[in-house]
Amino acid sequence: MLIIGRAVVRDILDGDDARVVDLVRHAYLLHEQGRTSLPHSVFLRFPQQPRDRIIGLPAYLGADPPVSGIKWISSFPGNLDAGLERASAAILLNSMRTGHPVALVEGSVISARRTAASAALAAGLLTAHRRPDGLALIGCGLINQQVLRFVAGTIAPPLALTLFDTDPRRAEAFAEVARTLLPGTPTTLAGTADEAMAAHRLVSIATTATEPHLDLAACQPGTVLLHLSLRDLLPEGLLTAHNVVDDPDHACREGTSLQLAEQLTDGRNFIHATIGALAGGQARPPVGDVPVVVSPFGLGVLDLVLAEHVRATSERRRLGVRVDDFLTVGDATVASTGSLKEWQ
């Protein structure tokens, strides 16, 4: 078993955002081609802690070589008040030859970056005909920090930033990070979420909201909204927009705004395209003045494609911690794409 901690994951992924976006795009294309297996995520909830949850995302990606495994990710919003990160995660990779677990990878860095890479990919596809005048970020946490970095690095630095968070201190701290990343870029703190949504034609929403509370009335014509937290937008608003998802079966469940919109209409005709279809050219980006809402549920294959990249790179560089007696079977060191016996 190879155990790969956060420092190694960051060392491998830092400075390689374009590669991360390419890997995410590749996973979406394979999913669109039917070369994945994605059981529904399992949500572990707690009767006395309604805001907290742990989610299991099992997945198989028919890449070359193929990869299988599961991400186990927790979300405890109260951690923020204690100075801790809201989310923590671990990714377990299994050998496709024996089924044995071969690597345990710290998953919160991967999870945040695959989410941001997915958002940047979708934003690039949907704004290619008209680049936005700036970027509004609603929710000033880790996910939107990564979204800002990926959008700036893989599309273009936004001409202006507008930030909103229910905690003004968090918005101020985010603004300092943004000024370091993009010196000279005008940065404004909005007083309300509606003010932020009205500011620019590209908006990223990443909050811990559990119930819809925002409509689209404040948006500029043709605004692209990256609805990453999935439960902020009122379902009635989604029905007035073009909707893009990663997978309808996954996105329309677990109380998401999309599921509520489906319940209102008894169908999914309000979903216009998937990210994979846009990336592969099977669907065209919507144009016009109607808002476009991107609601990616977060497919486990995105985590696996990055985790396998980290695992393979760690193996080549002899990084991570090797535990030889995790399994007692003789070939337990056989990884999904090769052998770790060269470490001996």
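A brief look at the structure comes next. These numbers come from a predicted model, not from an experiment.

What counts, and where the lines are drawn
Residues numbered from 1 in each chain as written. Predicted model: local features only at pLDDT ≥ 70, side-chain atom pairs only at ≥ 80, totals over all residues. Heavy atoms only, no water. Phe/Tyr/Trp six-rings, centres within 6.5 Å; stacked < 30°, edge-to-face > 60°. Helix = DSSP H or I, 4+ residues; strand = E, 2+ residues; numbered from the N terminus. Buried < 20%, exposed > 50% of the residue type's maximum accessible area, 1.4 Å probe, protein only. Salt bridge = Lys/Arg side-chain N within 4 Å of Asp/Glu carboxyl O. Axes fitted to C-alpha atoms, helices over the stretch in contact; angles between N-to-C directions. Parallel < 35°, antiparallel > 145°, perpendicular 65-115°, else oblique. Left-handed = near helix turned anticlockwise from the far one by under 90°. Contact = heavy atoms within 4.5 Å. Nonpolar A, V, L, I, M, F, W, Y, C, P; charged D, E, K, R; others polar. Pairing = 2+ DSSP bridges.

### A look at the packing of aromatic side chains
No. 1: Enumeration according to the criterion identifies 2 aromatic pairs in this entry.
No. 2: Judged by centre distance (6.3 Å) and plane angle (50 degrees), the rings of F43 and F297 are tilted. Note that F43 is positioned in strand β3 (residues 42–46) and F297 in the loop between β15 (292–295) and α11 (300–317), a separation of 254 residues in sequence. Accessibility classification places F43 together with F297 in one group, the buried group.

### What about the pattern of salt bridges?
No. 1: Taken as a whole and assessed by the stated rule, the structure comprises 18 salt bridges.
No. 2: The partner of D11 in a salt bridge is R317, with the nearest N and O atoms 3.6 Å apart. Taken together, the positions of D11 in helix α1 (residues 6–13) and R317 in helix α11 put the pair 306 residues apart, joining distant regions of the chain.
No. 3: A relative accessible area of 47% means that R317 is categorised as partly exposed.
No. 4: Salt-bridge contacts for R179 lead to E176; the nearest nitrogen and oxygen are separated by 2.8 Å. Taken as a pair, R179 and E176 lie in helix α5 (residues 168–181) at a separation of 3 residues, close to a single helical turn.
No. 5: Residue classification places E176 among the partly exposed positions, given a relative accessible area of 47%.

### Focus on the packing of helix α3 (residues 108–126) against helix α4 (residues 142–154)
The geometry of a pair of packed helices is captured by two quantities: the angle between their axes and the separation between those axes.
No. 1: Viewed as axis vectors pointing N to C, α3 and α4 meet at an angle of 45 degrees, and their least axial separation amounts to 8 Å. Here α3 is positioned oblique relative to α4, judged by the angle of their axes. Note on packing geometry: the crossing formed by α3 with α4 is right-handed. Of α4, the residues touching α3 (which contributes A112, R113, T115, A116, A117, A119 and A120) are L142, I143, Q146, V147, R149, F150, V151 and T154.
No. 2: For the contact of α3 with α4, the residue count by class is 10 nonpolar, 3 polar and 2 charged.

### Some remarks on the sheet that holds β15
No. 1: Spatial strand order, β10-β9-β8-β11-β12-β15-β13-β14: 8 strands in an open sheet with parallel pairing. Since the sheet does not close on itself, it has two edges, and those belong to β10 (187–189) and β14 (271–274), each with one partner. Across this sheet, the average inter-strand angle for adjacent strands is 20 degrees, counted without regard to direction.
No. 2: Note that strand β8 (residues 135–138) and strand β11 (residues 202–205) share 3 bridges and pair parallel. Bridge pairing in β11 places L137 opposite S204.
No. 3: Set on the sheet, α5 makes contact with β8, β9 (161–164) and β10; between it and β10 the angle comes to about 175 degrees.

These results come straight from atomic positions and should not be treated as a statement about function.
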